[in-house]
Amino acid sequence: MRLNERNLVSYATCNSPVDKEGYLMKKGEINKGFQKRWFVLKGNLLFYFEKKGDREPVGLIILEGCTVELSPEFSDTFTFGISFQGPGCRTYVLQAESQEEMESWMKAITSAGYEYMKLMVAELNRQLEELNRIPDASSLEVIPKRSSAPAVAVGSLIDFGGENNQAAASNYETASAKRFNPFNQELSPVDEFGARPFNPASEFLSKSKDRSDSAPIAPPRKPRAVTTSEFHVPMPLTSNDISRPKTDVYLKRPRTFLEMHEEFGRQIQSRIHRSMHSSASGS
Amino acid sequence: MRFNEKELRYVSRKISADREGRLAHKPPRENGYKERWFKLMNNLLFYYRTDHGVMSETEACGILVLEKCRTQIEVDGNSLFVFSIVFEDDRDKKHMFSGQNENQIREWMDAINRASFDHLRSKIQVLRSQIAQRRGKGPALALSEQQVRPSMQETKEHHRIRQDKHFSLFFPSEIGRKDIGEALLVDL
């Protein structure tokens, strides 16, 4: 498969923003030992060099359609994997030197997804609209589909049987003595202002209660309205939330009656619409 | 440079694209156009072989990672509707694309211009500045409050964005111009 490799080699070392960099041990594919590599994360592109300062990366992992999870075989070290689904597809096994480092990388790679950034843009747009006091009557409030914990889908464009990940996860989580799973805590670290940064990635980390909704279909590209039996009215962030952002951005907050009324009205209408269609097609 | 080729080929079977369609493609240093089916997803432009206008394989035969690139209309004797993608590090080498009508190629160019991660990042900065301004704070405060993507070079990034916006004045994209307008309004 062709790739614009030369452009990417330049991109790896150009002055575009680096999201995270550092040394990690990487398990070879053929040579089963671990080798030390200098990793540079830029957006959804994870480059690795033989050592810091090298002009040309040894390799690149494009972070789409992959999952970040703890490595079952190396549970007494700070080892995690970036796994890709599919026949013959590999899991990149990476090892850090401490819990903090491992956690930091896992979170960085998880939020490297394009989806995360798009969520951020959507959220900021919403805040801006609120500030402008333009009622957003055209779109339903939506929440992204939750994937199963603790494996986190990066890119979230493919969801291959979250159940498998869940089973494997519970096995090695209890076995692990030295490390703990960063995805079990949903809170992101507090910054120097005492605030938790907005973290829509927490939407992907779920202790999903609703296991009935576990069909392994591809999560929709555009978020869709929740179709559970109860009305769920997700709330956008208010101006208060900027200085003290909550990690779970969809916590309920007081809304004007008009907004709630409109929201319920739309949901009711769409349900009527759907039930009319299903009865029209016969039962 | 190695990359996760096998994994991406598998991914390419099942992507739901932001935009897809048929275009003729002439890579740099090659002479002729070949018809391909393109799927744009995030900042990745996958392309597939075609047969009589439709995809003939489930896996992509190539991928263009759209970072540090720009598009422009081209004049090519043989086809009417042509644009190119040029990467910053090698501006002589053009990827040429030929389409069916002007609308189609304009839309492709817009989509490609907006696809890069860097573009998303600068969009976020613009939005934050606007939000901060609406609240009566300076944009500098907006930058310090936000630690979502703790970039190691965040202040440098701010300056770089302004330079990039300057650069993008030459983009034919409507979106690019609008972004600049707004950025200029809020920049102090």
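This text goes with the structure placed above it.
Cut-offs and rules
Residue numbers run consecutively from 1 along every chain, following the written order of its sequence. Here the convention is simple: chains get letters from A, ligands get numbers from 1, in the order in which they are written. Per-residue local features of the predicted model are confined to residues with pLDDT of at least 70, and side-chain atom pairs are confined, for both listing and counting, to 80 or more; whole-chain, interface and lining totals are unaffected and use all residues. With hydrogens and water set aside, each side-chain value is computed from the structure's full complement of heavy atoms. Exposure is judged per residue with a 1.4 Å probe applied to protein chains only, and the accessible area is read against the type maximum: over 50% gives exposed, under 20% gives buried, and values in between give partly exposed. The helix and strand labels rest on DSSP assignments: H or I over at least four residues marks a helix, E over at least two residues marks a strand, and numbering proceeds from the N terminus. A pair of strands is treated as paired once DSSP finds two or more bridges between them. Charge counting treats Lys and Arg as positive and Asp and Glu as negative, with His and both chain ends excluded. The salt bridge definition used is simple: a Lys or Arg side-chain nitrogen within 4 Å of an Asp or Glu carboxyl oxygen. Any two residues whose heavy atoms approach within 4.5 Å are treated as being in contact. Accessible area, probed at 1.4 Å, shrinks when two parts are joined; the buried area is that loss added up over both. Within 3.5 Å is the distance limit for a polar contact, defined as a pair of N or O atoms, with the added protein rule that one can donate a hydrogen and the other accept it, and that residues adjacent in sequence qualify only through two side-chain atoms. For the purposes of this section, nonpolar cores are sets of buried Ala, Val, Leu, Ile, Met, Phe, Trp, Tyr and Cys residues that join through side-chain atoms within 4.5 Å. Helix span is expected to be 1.5 Å times the residue number reduced by one. Stacked, tilted and edge-to-face are the three classes assigned to paired rings of Phe, Tyr and Trp, where Trp is represented by its six-membered ring and a pair needs centres within 6.5 Å; plane angles under 30 degrees give stacked, over 60 edge-to-face, the rest tilted. Remark: a charge is flagged as sitting over a ring if the NZ atom of Lys or the CZ atom of Arg is within 6 Å of the ring centre and within 35 degrees of the ring normal.

J.: Give a detailed account of the pairing of strand 5 (residues 59-62) of chain A, specifying residues and quantitative values.
T.: Residues A:Gly59 and A:Ile61 of strand 5 of chain A are buried on one face, and the alternating residues A:Leu60 and A:Ile62, pointing to the opposite face, are buried as well. Pairing of strand 4 (residues 45-49) of chain A with strand 5 of chain A involves four bridges; the strand directions are antiparallel. Across the sheet, residue A:Phe47 finds its bridge partner in strand 5 of chain A, namely A:Leu60. Bridge count between strand 5 of chain A and strand 1 (residues 2-3) of chain B: two bridges; the pairing is parallel. If you follow A:Gly59 over to strand 1 of chain B, its bridge partner there is B:Arg2.

J.: I'd like to hear about the side chain of B:Glu7, residue by residue, with values.
T.: If you trace the backbone, B:Glu7 turns up in helix 1 (residues 5-11). The charged side chain of B:Glu7 is buried without a salt bridge, its nearest counter-charge being A:Arg90 at 5.6 Å. If near-sequence neighbours (up to four positions away) are discounted, B:Glu7 is found in contact with A:Phe84, A:Gly88, A:Cys89, A:Arg90 and A:Tyr92.

J.: With reference to specific residues and values, describe the pattern of salt bridges.
T.: Using the criterion set out here, one finds 18 salt bridges over all chains in the structure. B:Arg49 serves as the salt-bridge partner of B:Glu57, at 3.3 Å between the closest nitrogen and oxygen. Here B:Glu57 falls in the partly exposed class, since its relative accessible area comes to 33%. The closest approach of N and O atoms between B:Lys68 and B:Asp118, which form a salt bridge, is 4.0 Å. Placement of the pair is B:Lys68 in the loop between strand 6 (62-65) and strand 7 (69-76) and B:Asp118 in helix 3 (residues 117-134), with a sequence separation of 50 residues. The class for B:Lys68 is buried, based on a relative accessible area of 16%. What makes B:Asp118 buried here is its relative accessible area of 14%. When salt bridges with common partners are traced through the structure, they connect A:Asp19, B:Lys68, B:Asp118 and B:Arg121 into a single cluster.

J.: Could you give an account of the interface of chain A and chain B, naming the residues involved and the relevant values?
T.: Counting from both sides, the interface comprises 65 residues of chain A and, opposite them, 60 residues of chain B. Interface area, chain A with chain B, both sides summed: about 5900 Å², of which 61% is carbon and sulfur. Considering only the side of chain A, the residues that lose the most area to chain B are A:Met1, A:Tyr114 and A:Met117, jointly responsible for 14% of the buried surface there. Put simply, chain A and chain B have three salt bridges between them. The closest approach of N and O atoms between B:Glu30 and A:Arg2, which form a salt bridge, is 3.1 Å. Applying the counting criterion to the chain A and chain B interface returns 20 residue pairs in polar contact (both at pLDDT 80 or more). Mapped onto the side of chain A that touches chain B, the elements with two or more residues apiece are strand 1 (2-3), helix 1 (5-13), strand 4, strand 5 and helix 3 (114-131) of chain A. Considering every element that reaches the side of chain A that touches chain B, the biggest residue donor is helix 3 of chain A, with twelve residues. As defined by bridge partners, strand 1 of chain A adjoins strand 6 of chain B across two bridges and the pair is classed as parallel.

J.: Account for the nonpolar core, naming residues and giving values.
T.: Counting residues in hydrophobic clusters, the biggest one holds 27 residues, and the most contacted among them are A:Leu8, A:Leu45, A:Phe47, A:Leu60, A:Ile62 and B:Phe46. Element by element, the count of residues in this core is highest for helix 1 of chain A, at four residues. Not counting the four nearest positions on each side in its chain, A:Leu45 is found in contact with A:Leu8, A:Tyr11, A:Val40, A:Leu60, A:Ile61, A:Ile62, B:Val65 and B:Glu67. One finds A:Leu24, A:Leu41, A:Cys66 and A:Cys89 within the second-largest nonpolar core, a separate group that totals 26 residues.

J.: Just give me the short version of the environment of A:Ile109, but keep the residues and values in it.
T.: The residue A:Ile109 is located in helix 2 (residues 99-110) in this model. Sequence separation of A:Ile109 and A:Lys42 is 67 residues, and the distance between their C-alpha atoms is 9.7 Å.

J.: Explain helix 2 of chain A to me, and be specific about the residues and the numbers.
T.: Each α-helix turn comprises 3.6 residues. Residues three or four places apart therefore point the same way. Compared with the 16 Å implied by 1.5 Å per residue over twelve residues, the 16 Å span of helix 2 of chain A between its first and last C-alpha is a close match. For helix 2 of chain A, the set of buried residues is A:Gln99, A:Met102, A:Glu103, A:Trp105, A:Met106, A:Ala108, A:Ile109 and A:Thr110.

J.: Talk me through the packing of aromatic side chains; I want residue IDs and the actual numbers.
T.: As enumerated under the stated definition, the model contains eleven aromatic pairs over all chains in all. When the centroid spacing of 4.9 Å and the interplanar angle of 65 degrees are considered together, the rings of A:Tyr23 and A:Trp38 count as edge-to-face. Placement of A:Tyr23 in strand 2 (residues 20-27) and of A:Trp38 in strand 3 (residues 34-42) is noted, with a sequence separation of 15 residues between them. Looking at A:Trp38, the relative accessible area reads 9%, which means it is buried. Ring plane angle 80 degrees and centroid distance 5.6 Å describe the contact between A:Tyr114 and B:Phe117, whose orientation is recorded as edge-to-face. Of the two residues, A:Tyr114 sits in helix 3 while B:Phe117 sits in helix 3, which places them in two different chains. Taken as a pair, A:Tyr114 and B:Phe117 share a single burial class, namely buried. In textbook terms, an aromatic cluster arises when at least three aromatic residues are bridged by ring pairs, as seen for B:Phe38, B:Tyr47, B:Phe83, B:Phe97 and B:Trp108. Directly above the ring of A:Tyr92 sits A:Arg90, whose terminal nitrogen or CZ lies 4.2 Å from the centroid.

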